[in-house]
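# Coordinate inspection notes
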Amino acid sequence: MNARARNEAPLVPSHTNEPMRPGAPVKQPKHVIIVTDYAWVIGGASNVAMMNAIALAERGYDTHHFSVVGPVAAPLAASGVTVHCLGQPSTLNEPSRVVGAQSGLWNRQAAKAFERLLSRFPPAESLVHVHQWTKALSPSIFETIVRLGFRFVVTLHDYFIC
């Protein structure tokens, strides 16, 4: 049985940039933006991100999947998820080692595209769920999320991050 059926409160605070406290008012997001390096399944993190996005769209959320490396997986393309894939190589597959190193530290193109995407949504009605950012997106996405005042959660898939 899901949380709505049991009348449990969702785990998303209704205000931005403040820590969640027990008993604090909460508001379900209307828009969910899933963020991951890959638009296709390369491993567990990208698979979980894709399945998460599809499941949220099936439940009626306006769901967006933002990634850098394509191609877009067939199940994701065929779902009700709006896919935003930049079509860049991962940092390790970038032909220029200098460009790969620079984008791994701070992917400017991804940051600009992500800001354009987030600017379409009201922060109070949206949630960003980050799954993976270390192989193509870079930490630049977090600066954008925080600066624009979006609520976000991070699923830590990789051991070195934990």
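Residues numbered from 1 in each chain as written. Predicted model: local features only at pLDDT ≥ 70, side-chain atom pairs only at ≥ 80, totals over all residues. Heavy atoms only, no water.

With that settled, consider the pattern of salt bridges. Across all of its chains, the model carries 3 salt bridges by this definition. A salt bridge links Arg 147 to Glu 115; the nearest nitrogen and oxygen atoms lie 3.0 Å apart. Placement of the pair is Arg 147 in helix 5 (residues 140–147) and Glu 115 in helix 4 (residues 108–118), with a sequence separation of 32 residues. Look at Arg 147 and you get partly exposed, because its relative accessible area is 44%. Assessed through its relative accessible area of 31%, Glu 115 is described here as partly exposed. Here Glu 143 makes a salt bridge to Arg 147, at a shortest N to O gap of 2.8 Å. With Glu 143 and Arg 147 both in helix 5 and 4 residues apart, this pair spans about one turn of that helix. Linked through salt bridges whose partners overlap, the residues forming this network are Glu 115, Glu 143 and Arg 147. (Salt bridge = Lys/Arg side-chain N within 4 Å of Asp/Glu carboxyl O. Helix = DSSP H or I, 4+ residues; strand = E, 2+ residues; numbered from the N terminus. Buried < 20%, exposed > 50% of the residue type's maximum accessible area, 1.4 Å probe, protein only.)

Let's shift gears to the layout of surface pockets. Space inside the second largest pocket adds up to approximately 240 Å³. In this structure, the second largest pocket is lined by 13 residues; those nearest its centre are Val 99, Ser 103, Asn 107, Arg 108 and Gln 109. Listed by contribution, the elements that provide at least two residues to the lining of the second largest pocket are helix 3 (97–105) and helix 4. (1 Å grid on protein atoms, 1.4 Å probe; cavity = no way out; pocket = protein on both sides within 12 Å on 5 of 7 lines; lining within 4 Å. Points joined across faces, edges and corners; volume = space filled by probe spheres on them.)

So, on to the nonpolar core. Formed by 21 residues in total, the largest nonpolar core has its most connected members in Ile 33, Val 35, Phe 114 and Val 128. Broken down by secondary-structure element, the contributors of at least two residues to this core are strand 1 (31–35), helix 4, strand 4 (126–130) and helix 5. By residue number, the principal contributor to this core is helix 4, which donates 5 residues. Residues in contact with Ile 33, not counting those within four places in the same chain, are His 64, Phe 66, Phe 114, Leu 117, Leu 118, Phe 121, Ser 126, Leu 127, Val 128 and His 129. Within the second largest apolar cluster, 12 residues are counted, among which are Ile 34, Met 50, Ala 57 and Val 81. (Core = buried A, V, L, I, M, F, W, Y, C linked by side-chain atoms within 4.5 Å. Contact = heavy atoms within 4.5 Å.)

A few words now on the side chain of Thr 144. Take Thr 144: it is sitting in helix 5. Relative accessible area serves as the criterion here: at 1%, Thr 144 is assigned to the buried category.

Looking now at the pairing of strand 4. The element strand 4 is extensively covered by neighbouring structure, given that 5 of its 5 residues are classed as buried. Burial along strand 4 is two-sided: Ser 126, Val 128 and Val 130 and Leu 127 and His 129, pointing in opposite directions, are all buried. Across 4 bridges, strand 4 lies against strand 5 (residues 151–154) in parallel orientation. When the bridges of strand 5 are listed, Val 128 appears paired with Phe 152. Each parallel crossover has a hand, and the one from strand 4 via helix 5 to strand 5 is right-handed. (Pairing = 2+ DSSP bridges. Right-handed = clockwise from strand over helix to strand, strands pointing away.)

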